[in-house]
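Examining the three-dimensional arrangement
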Amino acid sequence: MSEYETLAEAPAQPQQPVDEAQTKEPENRGPSYRPTHPFALAPVAAPAYSVDGFVREFLHELHADLGVQLSRSTVNDQYVAIARTVRNYLMARWLETGKKVRDTKAKQVCYLSAEYLLGRQLGNALLATELNDIADEAMRTCGLDLQVLLAQEVEPGLGNGGLGRLAACFIDSLATMAVPCIGYGIRYEYGIFRQSFVDGRQVEHPDTWLTLGNPWEFPHPEAAVQVNFAGHTERYDDNGVERTRWVPGFGVLGVPYNYMVPGYRNGRVNTLRLWSAQAIDSFDLSVFNAGEYVEAVRAQTFAENITKVLYPEDSTPQGKELRLQQQYFFVACSLKDQVSRLLGEGSDLHTLPQRVIFQLNDTHPVIGIPELMRILIDEQGWEFDDAWATTRECFAYTCHTLLPEALEVWPVELFARLLPRHYEIIDAINAQFLAEVRATYPGDESKVQAMSIISAGPHPAVHMAYLATVGGSKVNGVAELHSQLLRDKVLPDFSTMWPERFTNVTNGVTPRRFIRLANRHLSALISDAIGTGWLTDLERLAELEPYALDPEFRAQFREVKAHNKRRLNRVLTARDEVSLDVTHMLDVMVKRLHEYKRQSLKLLHIVSLYEQVVSGAVPASQVAPRTVIFGAKAAPGYALAKETIYLINRVAEVVNNDARLEGRLKVLFPPNYNVTLAERLIPAADLSEQISLAGKEASGTGNMKLALNGALTIGTEDGANVEIHARVGDDNYFSFGMDEPAVEALLAAGYRPRDTYETNPRLKAAIDLIASGTFSGGNPHEFDGFVGNILSEDRFCALADFESYMAAQVRVEQAYADEDSWSQMAILNVARSGYFSSDRSVNDYIERIWHVPSVR
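Just so we're clear, the structure is a prediction, and the values are computed from it rather than from any experiment.

Now for the overall build of the chain. The helix and strand tally for the chain stands at 35 helices and 23 strands. With respect to the three principal axes, the spread of C-alpha positions in the chain is 90 × 85 × 65 Å. Relative to its full complement of 856 residues, the chain shows a buried share of 60%. Considering only intrachain contacts with a sequence separation of at least 6, the fraction spanning at least 24 residues in the chain is 77%. Accessible surface, the chain as shown: approximately 31900 Å² in total, 51% of it carbon and sulfur.

It is worth spelling out helix α33 (residues 802-816) at this point. Along its 15 residues, α33 runs 21 Å from first to last C-alpha, staying within 8% of the 21 Å computed at 1.5 Å per residue. By the burial criterion, the buried members of α33 are F802, Y805, M806, A808, Q809, V812 and A815.

In this model, the chain carries an average pLDDT of 93, and 94% of its residues clear a pLDDT of 70 or more. Confidence drops under a pLDDT of 50 for residues 1-47, and excluding neighbours within four residues, the segment shows 104 contacts in the predicted structure.

Core analysis: the biggest nonpolar cluster contains 159 residues, and F54, F58, F229, F329, F415 and W850 have the highest contact counts within it. Per-element tally for this core: the top contributor is helix α11 (residues 317-344), with 11 residues. When residues no more than four places from it in sequence are discounted, the contact partners of F229 are W246, P248, G249, F250, V252, I306, Q325, Y328, F329, L418 and L419. Counting 105 residues, the second-largest nonpolar core is a separate cluster that includes L593, L712, A826 and F836.

This part covers the pattern of salt bridges. Opposite charge on two side chains permits pairing when their charged atoms draw close. Evaluated as defined, the whole model comprises 49 salt bridges. Between R832 and E545 there is a salt bridge whose closest N-O contact spans 3.0 Å. A residue pair is termed long-range when its members are at least 10 positions apart, and R832 in the loop between α34 (819-831) and α35 (838-850) and E545 in the loop between α22 (520-530) and α23 (551-576) qualify at 287 residues. Overall, R832 belongs to the partly exposed group, its relative accessible area being 25%. When salt bridges that share partners are traced, they join D587, K602, R626, E689 and E813 into one network.

Of all six residues in strand β11 (residues 356-361), six are buried, a share of seventy percent or more. Taking every second residue as pointing to the same face, both faces of β11 are buried, with V356, F358 and L360 on one and I357, Q359 and N361 on the other. Alignment of strand β1 (residues 108-112) against β11, held across five bridges, turns out to be parallel. Each bridged residue has a counterpart across the sheet, and for L112 the counterpart in β11 is L360. In terms of strand pairing, β11 meets strand β12 (residues 395-398) through four bridges, oriented parallel. Across the sheet, the residue bridging to Q359 is A396, located in β12.

Relative to strand β4 (residues 201-205), strand β3 (residues 194-198) runs antiparallel, the two sharing five bridges. Each bridged residue has a counterpart across the sheet, and for Q195 the counterpart in β4 is E204. The antiparallel hairpin formed by β3 and β4 contains two residues in its connecting segment, where D199 sits at a positive phi of about 55°.

This brings us to the side chain of K597. By the element assignment, K597 lies in the loop between β18 (585-590) and α24 (599-614). Separated by 3.1 Å, the side chains of K597 and Y596 make a polar contact. Setting aside residues no more than four positions away along its own chain, K597 makes contact with M589, K591, R592, I691, S692 and E697.

Turning to unusual backbone geometry, a few remarks are in order. Positioned with a positive phi, N239 is a non-glycine residue whose angle comes to about 55°. One can find N239 in the loop between β7 (232-238) and β8 (241-247). The class of N239 is exposed, set by a relative accessible area of 78%. Although it is not a glycine, D794 adopts a positive phi angle of roughly 45°. Take D794: it is sitting in the loop between α32 (784-792) and α33.

On to the sheet that holds strand β23 (residues 734-735), then. Spatially, β20-β19-β18-β21-β22-β23 is the arrangement adopted by the six strands of the open sheet, whose pairing is parallel. Since the sheet does not close on itself, it has two edges, and those belong to β20 (665-668) and β23, each with one partner. Here two bridges tie β18 to strand β21 (residues 687-690), and the two strands are oriented parallel to one another. Bridged to V588 within β21 is S688.

On the secondary structure map, A468 appears in helix α18 (residues 464-471). Note on A468: relative accessible area 1%, which makes it buried. Measuring from C-alpha to C-alpha, the distance between A468 and N504 comes to 16 Å, with 36 residues separating the pair along the chain.

All right, on to α11 then. A rise of 1.5 Å per residue sets the reference length of α11, with its 28 residues, at 40 Å; its end C-alpha atoms lie 40 Å apart and thus fit the reference within 8%. Just beyond α11, the residue with positive phi is G346, at close to 80°.

The interhelical angle for the contact between α11 and helix α13 (residues 368-379), taken along N-to-C directions, is 45°, at an axis separation of 10 Å. Classified by the angle their axes make, α11 and α13 are oblique. Of the two elements, α11 crosses α13, and the hand of that crossing is right-handed. On α13, the residues that touch Y328, V331, A332, L335 and V339 of α11 are G368, E371, L372, R374 and I375. Class assignment of the residues belonging to the contact of α11 with α13 gives a composition of seven nonpolar, one polar and two charged.

Rules of the game
Residues numbered from 1 in each chain as written. Predicted model: local features only at pLDDT ≥ 70, side-chain atom pairs only at ≥ 80, totals over all residues. Heavy atoms only, no water. Helix = DSSP H or I, 4+ residues; strand = E, 2+ residues; numbered from the N terminus. Buried < 20%, exposed > 50% of the residue type's maximum accessible area, 1.4 Å probe, protein only. Contact = heavy atoms within 4.5 Å. Areas by Shrake-Rupley, 256 points an atom, 1.4 Å probe, with all protein chains shown as cover. Expected span 1.5 Å × (residues − 1). pLDDT = per-residue confidence, 0-100. Core = buried A, V, L, I, M, F, W, Y, C linked by side-chain atoms within 4.5 Å. Salt bridge = Lys/Arg side-chain N within 4 Å of Asp/Glu carboxyl O. Pairing = 2+ DSSP bridges. Polar contact = N/O pair within 3.5 Å; in protein donor to acceptor, adjacent residues only side chain to side chain. Axes fitted to C-alpha atoms, helices over the stretch in contact; angles between N-to-C directions. Parallel < 35°, antiparallel > 145°, perpendicular 65-115°, else oblique. Left-handed = near helix turned anticlockwise from the far one by under 90°. Nonpolar A, V, L, I, M, F, W, Y, C, P; charged D, E, K, R; others polar.

Structure representation (structure tokens):
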């Protein structure tokens, strides 16, 4: 008997599946199909691995790399071994992709993002390589359950929400579309915090995602680059030419960690490169020998702080400085990487705009503009005007907000102290730009002051969005409404001066992860109806429309939704020890906790439903059975958001245990919402809560994921909701609330939330119930902060939209009562949401901004 056979007969300890197998879609029983979409790629040849070959490679990884036999291996050993087995399969494709890009000297997208919310990697890699079935059978041969190994992976916490998830979707699409791309970011040691609730209050814990190692990364310490900070600048003579040099105060090393980004079944593997900070001299032996043990490693501790956590709390001066260090660190590493690559192949940097486009994902990487100027002027000896002309062609800026406080502004004192040479360059850029403004608007000094990159006054500051607009070739918003408001409200003077510079690219999500991986049964149902190929041509979902009228298909669709609810119940039971009533409407609000997203409005709806029953105004039997699920993290320093979380949890505790409701209303708030939970929650959702104040949400992507998985939207006319509404139709969308002009009119007239409270009895009853101590053990002052804020300020008009929202919820309940009609509406949401693919978004970037061809 062979060793492999012996080991297969002696598996490790028995394993219980925690999720379903990710099996292959059924053979197409629908019409034949030939892809016509330019990026609907034909699959590559069948995988070279056989089951036997996969088993041998898996066991080789266990033996040779991990030093353990299968019979004595842990689940983590087994996970690492299968991850490396799949990684090895991708390796040749990865190396070939890099060689092809180098040989063709193709123009490349360099996506600069402070966040990448990747999700688990193993399932996505198996899907991309068509190894699902082989891996599943191979693990069974070894006496293992693939699902247990998939569940062992710890999700990288490298993002906070939509910004990071969008970045992950885009690099997936770029690989699937065979477009040369490298993503650049930060390898946070702890990432976004892990959330728990203690007595209902949010508690933040380190996200120790690297504790057990990470088989998907390739560290390259030999390729580390030095990044400098602080110090001063000085003038010097360079053969008769006066130049400036930066004399840094200190420096750190940036070590690159490479990750593979596989395209969907096309043989393409791009790269994500994340940077980790290390000290140049990490250990001082003489200091250590003198007994100063802490001081001996001070430099290493200081350097590592730069990449310790995502978005360090910035309410202190030290926190602000660390954030700016983070941003410059990863951008400086990334630009040096690209410049070194081009110089290494003998390219002239004057061709830089033909070789690379740096996409700035929000304002975090905008410091790249003066950094490229510094490289070209100080290191390459270019004149300012030549460097500026080249730099402006190399960058494009995506704005992700409409909130003034989210547009980064750095105090000049901090900026000039930490990055003195960059401040000088920005000052020179600003002087040249303001001369252009004066020439365009002669005599209008108010315009000059309004557009200055560096604001004047007692607290001068650098406006990064202004710098991005002046220093880039394009500025885009992320939904049609957002792009219009960006032009009209956020950067109006700039859009008037350079209207051609502004464009729109509506966000999208990858259907590979958020339909195929997350909702396997819906994916199979779709393929059964319209054939395969739609995962790379999502507009083909429109072919589902006739099936919305088919009673049998609607029944199958309902069974998929019911199955997903049962699956979610199992997950929540195992994960959080809570149960889900799978007969209820599943009403979902999952997004970052912020006032403008208006979790407060959803909370008032719940409290009002509860108050109506306990006051006797409505019998419990008339309450539509509904479970509301929240998923949200609040920034550690955002006190009101954290109080809102506490209030939601206290309301949930009371509502869930009050027998007067007869179990017809439940509220669940599983902590630490992440991509892994989203992949189970979103497919089970019936109702998608997209209720931000009109004119405040840039786009959203959760709204797209939910619609694509058959949840109906209750939403304002905000962000991409507007485009979802337009595509799915009035009959399949529950619209409510003021539109953006109405909001502006209300605020201009002097909005008084207390007046709304006094004149709406149902609203007043709900707020009074919160203030009464009902949800705080009888303490009437427990939620004074929440109640006081919403009555005196209500910055995002939750009270003003309350009555309209409640009326829309009545329409929801009436529609949900007819399950067949609801199924038809849900199917039409899926069929009409194909536009919201990240493949389409990336194609728009290519056509409108990047002009980067694919490389086959």
